[in-house]
Amino acid sequence: MNEIKIFAPATIANISCGFDVLGCCLDTIGDEMVIRKISKKGIHISKIEGENLPFETEKNVAGVAALSLINALYKKLDFGFEIEIYKNIKPGSGIGSSAASAAGAVFAINELLSKPFSKLQLVKFAQEGERIACGSPIADNVAPAIFGGFTLVKNDNPLQVIELPSLDNLLATIIHPQIEIKTADSRAILPKEVTLKNAVKQWANVGSLVHALHTSDFDLLSDSLHDFIVEPHRSKLIPEFDKVKKNSIKAGALGCGISGSGPSIFSFSKGVRVAENVAYTINEIYKKTNIDFNIYISKINTEGVKIIHLQ
Ligand code: ADP
């Protein structure tokens, strides 16, 4: 096997109540990447289409994650890898643009090396890529990108990822308003302390969300999609957030929240008809603004990174 083409999925991190721990993987939004073995040692990014991103291995999350993987190999390689990135997920969108590249690179190289590493180890390598994108090696986007479905990052060090079941017929409608929110600003706006009252409500919702996924309980899922800690602050940075949330739920959505650190907003729906209604409603709201935006509908991807071809 000398070459692999993969689909590197977008992801939703946080999922309302699960700040920095919950995430899920999307199916129809993502990048493509081609990774091939070459005689030149090391990791080389040879092509990037769709976005203006760094070609230097140490500045691109795909390069950093891939280096972290090959440096962990027991036996040093006498060949290298070339990476082509076909970007569809806009960087800074809040749907795991950098995570898709980091997860895609390590998944693909692991396949070409006949899978020396487990999925959990791949998450660790991909986290190194995330470290250069956002300053810390967070796993809440790379874990669902690699494992697929819903994941809970129980612990950072040592890394523990719990795979959660998904619900058939669960769809996400996502709007990406094309405004820039600096990660530093979206972190800085968060409170340093939370009240015990809000903390209790929050962990009750995380617990009930996990139970809802295990029991395929759409009503309980809907009743768990609340965030008392982060959303009240971050939503101020996203134009029309309150209107989008209220009207999505009116259109039948199970719940609505900020995807990652924003500006994207996600809504979950049962069935494609409702997801489309929600998309229509959000479109009506945002077309009245002067902000460019994209709306996507996606099933939950239970597989994670997908192989398009391997040769
Ligand atoms: P998102 O908000 O969608 O999760 P991130 O904030 O994770 O996006 O990542 C965006 C940052 O990572 C940008 O500063 C971008 O320049 C940097 N970056 C480096 N390499 C990549 C890559 N291959 N794909 C996306 N972003 C990258």
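Everything below is about the structure shown above.
The rules behind each value
Residues numbered from 1 in each chain as written. Predicted model: local features only at pLDDT ≥ 70, side-chain atom pairs only at ≥ 80, totals over all residues. Heavy atoms only, no water. Helix = DSSP H or I, 4+ residues; strand = E, 2+ residues; numbered from the N terminus. Rg over C-alpha atoms; globule rule 2.2 N^0.38 Å. Buried < 20%, exposed > 50% of the residue type's maximum accessible area, 1.4 Å probe, protein only. Areas by Shrake-Rupley, 256 points an atom, 1.4 Å probe, with all protein chains shown as cover. Lys, Arg positive; Asp, Glu negative; His and termini not counted. Charge placed at Lys NZ, Arg CZ, Asp CG, Glu CD. Core = buried A, V, L, I, M, F, W, Y, C linked by side-chain atoms within 4.5 Å. Contact = heavy atoms within 4.5 Å. Near = heavy atom within 4 Å. Polar contact = N/O pair within 3.5 Å; in protein donor to acceptor, adjacent residues only side chain to side chain. Salt bridge = Lys/Arg side-chain N within 4 Å of Asp/Glu carboxyl O. Expected span 1.5 Å × (residues − 1). Disulfide = S-S within 2.5 Å.

As a further point, take the overall build of the protein chain. Within the protein chain one finds 10 helices and 11 strands. Since a compact globule built from 311 residues should have a radius of gyration of about 19 Å, the 19 Å found for the protein chain is in line with a globular shape. Burial analysis of the protein chain (311 residues in total) assigns 53% to the buried set. Carbon and sulfur atoms make up 51% of the accessible area of the protein chain, which totals about 13700 Å². Across the protein chain, the 33 positively charged side chains and the 33 negatively charged ones have centroids separated by 1 Å.

Below, the discussion takes up the nonpolar core. With 73 residues, the main nonpolar core has I15, I83 and F268 as its most contacted residues. Considering every element that reaches this core, the biggest residue donor is helix α2 (residues 97–112), with 10 residues. Once residues within four sequence positions are removed from consideration, I83 is found in contact with M33, V34, I35, I43, H44, I45, S46, K47, A62, A66 and A105. Judged by nonpolar contacts, the second largest core, of 14 residues, contains I175, C256, V278 and I291.

Here the focus is the site of the ligand. Residues in close proximity to the ligand total 16 residues, the closest being N60, G94, S97, S98 and S101. Here a nitrogen atom of the ligand sits 3.1 Å away from a polar atom, N or O, in the main chain of V61. Within the contact set of the ligand, an oxygen atom lies 2.4 Å away from a side-chain nitrogen or oxygen of S98. In isolation the ligand offers 560 Å² of accessible surface; the protein chains occlude 80% of this area. By residue number, the principal contributor to the shell around the ligand is α2, which donates three residues.

Our focus in this paragraph is the pattern of salt bridges. Throughout the structure, instances matching the rule amount to 14 salt bridges. Across the pair K115 and E111 runs a salt bridge, and its minimum N-O distance is 3.8 Å. Ionic pairing is found between K287 and E284, a salt bridge with its closest N-O pair at 3.0 Å. Among the residues examined, E284 registers a relative accessible area of 22% and is labelled partly exposed. Within the structure, one salt-bridge network assembled from shared partners comprises E3, R36, E82 and E84.

Bringing α2 into the picture now. With 16 residues, α2 ought to run about 22 Å at 1.5 Å a step, and its terminal C-alpha atoms sit 23 Å apart, in line with that. With 15 of 16 residues buried, α2 is to be regarded as a mostly interior element. Backbone geometry just after α2 places S114 at a positive phi near 65°.

Moving on: the state of the cysteines. If you walk through the whole model with that rule in mind, you get zero disulfides. In this structure C25 is a free cysteine whose sulfur lies 7.7 Å from that of C24, the closest cysteine sulfur available. A disulfide-free cysteine, C134 has its sulfur positioned 18 Å from the sulfur of C25, the nearest such atom.

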